[in-house]
Amino acid sequence: MDKITVENVNQPGQTTRVNAEKYKAMHDAIVSVLTGQSEPLDYAAIKERVKPLLPESLFPGGATSGWWIKCVQLDLEAKGRMMRTKDKPLRFNLTGA
């Protein structure tokens, strides 16, 4: 199984290695959902919209998708490609980076 190194915006300098295939599938789904959005989306809306885009072979019935959304979200924030709003509930959008 190939691994990819991810960062966490909440723990600068710390990295973790995760399944590259699952990361890429979730990354692509999140980017697809958020691209072109005029307003940021909250976690629940992102989760609802990414689930149908995920390969059933990697996420049977959406299993573990919540963990992977958070993993990719924190990594993209750390890399400056996603940002969160300051209000509650937190909402997310892509940056121009």
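The preceding data block contains the structure.
Residues numbered from 1 in each chain as written. Predicted model: local features only at pLDDT ≥ 70, side-chain atom pairs only at ≥ 80, totals over all residues. Heavy atoms only, no water.

A. Quick peek at the environment of Val6. Take Val6: it is sitting in strand 1 (residues 3-7). Accessibility expressed as a relative area gives 5% for Val6, which makes it buried. Distance in space between the C-alpha atoms of Val6 and Thr85 is 22 Å, their sequence separation being 79 residues. Residues within four places of Val6 in sequence aside, it is in contact with Gln14, Thr15, Thr16, Val18, Tyr23, Cys71, Asp75 and Lys79. (Helix = DSSP H or I, 4+ residues; strand = E, 2+ residues; numbered from the N terminus. Buried < 20%, exposed > 50% of the residue type's maximum accessible area, 1.4 Å probe, protein only. Contact = heavy atoms within 4.5 Å.)

B. Representation of the environment of Ser65 within the structure. Of note, Ser65 is situated in helix 3 (residues 65-78). Taking relative accessible area as the criterion, Ser65 reaches 1% and is therefore assigned buried. When the C-alpha atoms of Ser65 and Arg81 are compared, they prove to be 20 Å apart, with 16 residues separating the residues in sequence. With near-sequence residues (within four places) excluded, Ser65 lies in contact with Met26, Lys47, Lys51, Leu54 and Phe59. Within the local environment of Ser65, its side chain forms a polar contact with the backbone oxygen of Gly62, the two atoms lying 2.8 Å apart. (Polar contact = N/O pair within 3.5 Å; in protein donor to acceptor, adjacent residues only side chain to side chain.)

By themselves, these figures tell us nothing about what the structure is for.
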